[in-house]
Amino acid sequence: MLATLQRMTQQTRIQYGLMLVFGALCILVAVAPLADPLRITAVGTLFGFTAGIWVSHLVQVLGRAASATQTDVAMGD
Amino acid sequence: MSQHDRLIDSQESSADRATDSTFLGGIEFLTGPGATLGSFLLVVGIVTCVFIALFQFTLPAPVSDLLTVGVVLVTALSAGFAAALEKLGYFGREQETTASATSSDHRPAAKPWVPTEKSSAPLPPIINFDAELRAFADMYDGDLPRPFDPFIEDYLRLKTNTENRATIASDLRADLNPVGTLFEVGSEGDRLCEELSDRLFRYISTRTHLRLDRVAFYDEAGEETTVTALDDQLGRVTVAIANDGELADVEAVVTLYDGAGSAIASRTCDAGRIKPGARMTLSTDIFVPADTADADTTLRLSAPDGATADA
């Protein structure tokens, strides 16, 4: 587990950490005894943050994968 | 805690760590090193179910439905990204990188110089270093240090190739340099390194490694004698050959000379194919003319470009 974490880049570690924090907060707020408007707003916002970081992370990974493929082709030549 | 206890403790903890890493290794991060498409989709699916259940059970109707649609959209988007990443070979590449790193880290420590994948071709004794590598391994309690890695890799190449062994032997000799720095001058390890280097040099610099161990002439009574004593008689010659090199088709040629140094007779004897490290004794009848003053025995390869080894 630690070795896996060490192999990841710092950006990836931060992204996973933020997703974990916002996702956990989203779950906690959803079951918290708060007034509905406040709960709905907080859950929607936290879910938005979590999903946003996830999608941006995927875009970043896709970009890295694409550039790695281009490097492979260049090396092949 | 004694040193022995600490040793056992460290072995147990390393075994625990190995089990731990195997178990947790299965739960790889979605897009981290070693991720696969299967683990990616599985975790995305689990997270989707958790969020949908959370929204449906905790939030009122219109909002829960809207957020559920949002979760499904993110899941569909993730699946699209997963397909794109798979198309780019991202998952396979990550897996290969991890696998190669793992295989290099977990090379069998007992006898790393024994090939495991390809069938090995027999090595000539001159470049068979199994005994020396065992001795090195014993010096390090069976776990050879890092500077040995290039040497072991090239030695495995040497064992699984027969065509370009001279080139690999040159590489192997260069690989001895980092190994040599591990030992003090005059130590057992240093002596072994020098021996390996000398044997590799002999292998590289000499084309054939056929050796004439013994040539002897016998008279009709079976008594050993000199070639000049067999004056105008039928005698017998025995030739002992050793092959320290590669598999070779060998023939021995016994040439007789007169006092002026001119060849007056010769006898060729086919030894057939001699395996690396094998020894063979040939025996054949030979008529020795009256004016024979000297004899010379030559070994040559049966192949057209055969090299010779004189005795």
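All residue numbers here refer to positions counted from 1 along the written sequence of the relevant chain. Labels follow written order: the first chain is A, the first ligand is 1, and so on. In keeping with the model being predicted, local features are shown solely for residues with a pLDDT of at least 70 and side-chain atom pairs are shown and tallied solely at 80 or more, while totals for entire chains, interfaces and linings include all residues.

> Tell me what's going on with the overall build of chain B, and back it up with residues and numbers.
Secondary structure elements follow DSSP: runs of H or I no shorter than four residues count as helices, runs of E no shorter than two count as strands, and numbering proceeds from the N terminus. Helix and strand counts for chain B come out as 8 helices and 8 strands. To assign burial, the other C-beta atoms lying within 10 Å of each residue's own C-beta are counted, with C-beta atoms placed from the backbone; 20 or more indicates buried, 12 or fewer indicates exposed, and intermediate counts indicate partly exposed. Per-residue burial over chain B gives 22% buried out of 311 residues. By the criterion used throughout, residues are in contact when their C-beta atoms, derived from the backbone, lie within 7 Å. For chain B, the share of sequence-separated contacts (at least 6 apart) that also reach a separation of at least 24 residues comes to 65%.

> Residues and numbers for the nonpolar core, please.
In a soluble, globular protein the nonpolar side chains are often hidden away together inside. Judged by nonpolar contacts, the single largest core of 27 residues is most densely connected at Cys26(A), Ala30(A), Val43(A), Leu46(A), Phe47(A), Leu59(B) and Leu85(B). Among the secondary structure elements, those contributing two or more residues to this core are helix H2 (10-31) and helix H3 (36-76) of chain A together with helix H2 (37-58), helix H3 (61-87) and helix H4 (90-105) of chain B. Sort the elements by how many residues they give to this core and H3(A) lands first, with 10 residues. Ranked by size, the runner-up nonpolar core spans 19 residues in total, among them Phe151(B), Leu192(B), Cys193(B) and Leu200(B). By convention in this section, buried Ala, Val, Leu, Ile, Met, Phe, Trp, Tyr and Cys residues joined through C-beta atoms within 7 Å make up a nonpolar core.

> How would you summarise the sheet that holds strand E6 (residues 279-288) of chain B if you had to cite specific residues and measurements?
Residue and element names in this part refer to chain B. Any two strands with at least two DSSP-identified bridges between them are counted as paired. Spatial strand order, E2-E1-E3-E6: 4 strands in an open sheet with antiparallel pairing. Of all the strands in the sheet, the pair left with one neighbour each is strand E2 (224-225) and E6. In this structure, strand E3 (residues 233-243) lies alongside E6, joined through 10 bridges in antiparallel fashion. Of the residues in E6, the one forming a bridge with Arg-236 is Asp-285.

> Could you give me a rundown of the pairing of strand E1 (residues 210-218) of chain B, with the residues and numbers involved?
Residues and elements named next belong to chain B. Bridge count between E1 and E3: 8 bridges; the pairing is antiparallel. Bridge pairing links Ala-216 to Thr-238 in E3. Here E1 runs beside E2; their pairing, made up of 2 bridges, is antiparallel. When the bridges of E2 are listed, Phe-217 appears paired with Thr-225. Linking E1 to E2, which pair antiparallel, is a turn of 5 residues; within it Gly-222 sits at a positive phi near 90°.

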